[in-house]
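As a plain string of letters, each chain reads:
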Amino acid sequence: MNVRGFFEFAPSPRGLRYVGDPTAPFSGFHTPSMRGLDEGRFYVILDTSWSRKHVASAKQWRQTIDQIFRSLDQDGIQNVIAPRSLEGAAGLRDKNVIYVNRSFDFIINSGLAARQAASEKEKPVVAVTGAVGKSSTTAMMSHAIRNVGQGLKVLHPGPTHNILVRAMAEMTTLPDYDAGVFELSGL
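Fair warning: this is a prediction, and the values are worked out from it, not measured in the lab.

Details of the packing of aromatic side chains
Under the counting rule described, the total for this entry stands at ten aromatic pairs. When the ring of Phe 6 is compared with that of Phe 29, the centres are 5.8 Å apart and the planes differ by 80 degrees; the resulting orientation is edge-to-face. Taken together, the residues span a long stretch of sequence, with Phe 6 in helix α1 (residues 3-7) and Phe 29 in strand β2 (residues 29-30) at a distance of 23 residues. The pair Phe 6 / Phe 29 is uniform in exposure class, with both members buried. Of the aromatic side chains, those joined through ring pairs into one cluster are Phe 6, Phe 7, Phe 9, Tyr 18, Phe 26, Phe 29, Phe 42 and Phe 106. When the ring centre of Tyr 177 is taken as reference, the NZ or CZ atom of Lys 153 above it lies at 5.1 Å.

Rendered as structure tokens:
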């Protein structure tokens, strides 16, 4: 999917502004403490909408904005979600940037909007919670859907993305899949 495709279902909160190439690839959001940045993911520059827990685990919160901008350039990151207060910043020039007032809320609402879009197209989406057996259950469900549907594309992020915000960041890519199977364990 590309950015234009994402904005066909994404929420449009007050203050949202996109600057960049609408045909750039979109493959979800890179949230704090995720490892490796896949092509097409939008790297999140944290704002005050994130909880203390998220902030404490994020290296960028201990950096100046100039250090963050240097890291973006060093890592070749071209897609960013940033606070509106950074609009016009030199460090974001020539990048694809989604400017929002509250990035945490935007990611959650984008995941919910993708879930709604999947529902309207009758794509099955399953979420498994609980204390024991989530990984095994979601793996079996994902396998069953692929086999029954003879090669259906199933979005199954796996156990390392089972925190709510990460699951929602992954869920934003549902339009590229025939079904989704998620493991959820906490906020």
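So much for the structure itself; the text now carries on.
Quick word on the pattern of salt bridges
All told, the structure shown has five salt bridges when counted by the stated rule. The salt bridge partner of Arg 84 is Glu 87, with a shortest N-O separation of 2.7 Å. With relative accessibility at 30%, the residue Arg 84 sits in the partly exposed group. Among the ionic pairs, Arg 102 bridges to Asp 105, the shortest N-O distance being 2.4 Å. Here the residues in one salt-bridge network are Arg 17, Arg 84 and Glu 87, joined through shared partners.

Focus: the sheet that holds strand β8 (residues 179-183)
With parallel pairing, the three strands of this open sheet are ordered in space as β6-β8-β7. If you trace the sheet from one side to the other, it starts and ends with β6 (125-128) and β7 (154-155), each paired once. Note that β7 and β8 share two bridges and pair parallel. By the bridge assignment, Leu 155 is partnered in β8 with Gly 180.

Re the side chain of Arg 41
Position of Arg 41 relative to the elements: it lies in the loop between β2 and β3 (42-44). From its side chain, Arg 41 meets the backbone oxygen of Phe 29 in a polar contact 3.3 Å long. Here the side chain of Arg 41 touches Glu 170 through a polar contact of 2.9 Å, side chain to side chain.

Observations concerning unusual backbone geometry
One non-glycine residue, Asp 94, lies in positive phi territory at about 65 degrees. As for its position among the elements, Asp 94 is in the loop between β4 (79-83) and β5 (96-100). Classification of Asp 94 as exposed rests on a relative accessible area of 73%. Positioned with a positive phi, Glu 122 is a non-glycine residue whose angle comes to about 60 degrees. By the secondary structure assignment, Glu 122 is in the loop between α4 (103-120) and β6. You can call Glu 122 exposed: its relative accessible area is 72%.

Some details on helix α3 (residues 65-74)
Owing to its 3.6 residues per turn, the α-helix aligns residues three or four sequence positions apart on the same side. Taken as a whole, α3 has its buried residues at Ile 68, Phe 69 and Leu 72. Projected down its long axis, α3 carries its buried residues within an arc of 100 degrees, all on one side. Facing away from the buried side of α3 by more than 90 degrees, the exposed set consists of Asp 73 and Gln 74. The elements touched by buried residues of α3 are β3 and β4. Trailing α3 by a residue or two, Gly 76 shows a phi angle of about 70 degrees, which is positive.

Things to note about the pairing of β8
In terms of burial, β8 is a largely internal element, five of the five residues being buried. Residues Ala 179, Val 181 and Glu 183 line one face of β8 and the alternating positions Gly 180 and Phe 182 line the opposite face, and both faces are buried. In terms of strand pairing, β6 meets β8 through four bridges, oriented parallel. Its bridge partner being in β8, Val 128 is matched across the sheet by Glu 183.

Rules used throughout
- Residues numbered from 1 in each chain as written.
- Predicted model: local features only at pLDDT ≥ 70, side-chain atom pairs only at ≥ 80, totals over all residues.
- Heavy atoms only, no water.
- Phe/Tyr/Trp six-rings, centres within 6.5 Å; stacked < 30°, edge-to-face > 60°.
- Helix = DSSP H or I, 4+ residues; strand = E, 2+ residues; numbered from the N terminus.
- Buried < 20%, exposed > 50% of the residue type's maximum accessible area, 1.4 Å probe, protein only.
- Lys NZ or Arg CZ within 6 Å of the ring centre and 35° of its normal.
- Salt bridge = Lys/Arg side-chain N within 4 Å of Asp/Glu carboxyl O.
- Pairing = 2+ DSSP bridges.
- Polar contact = N/O pair within 3.5 Å; in protein donor to acceptor, adjacent residues only side chain to side chain.
- Arc of directions from axis to C-beta.
- Contact = heavy atoms within 4.5 Å.

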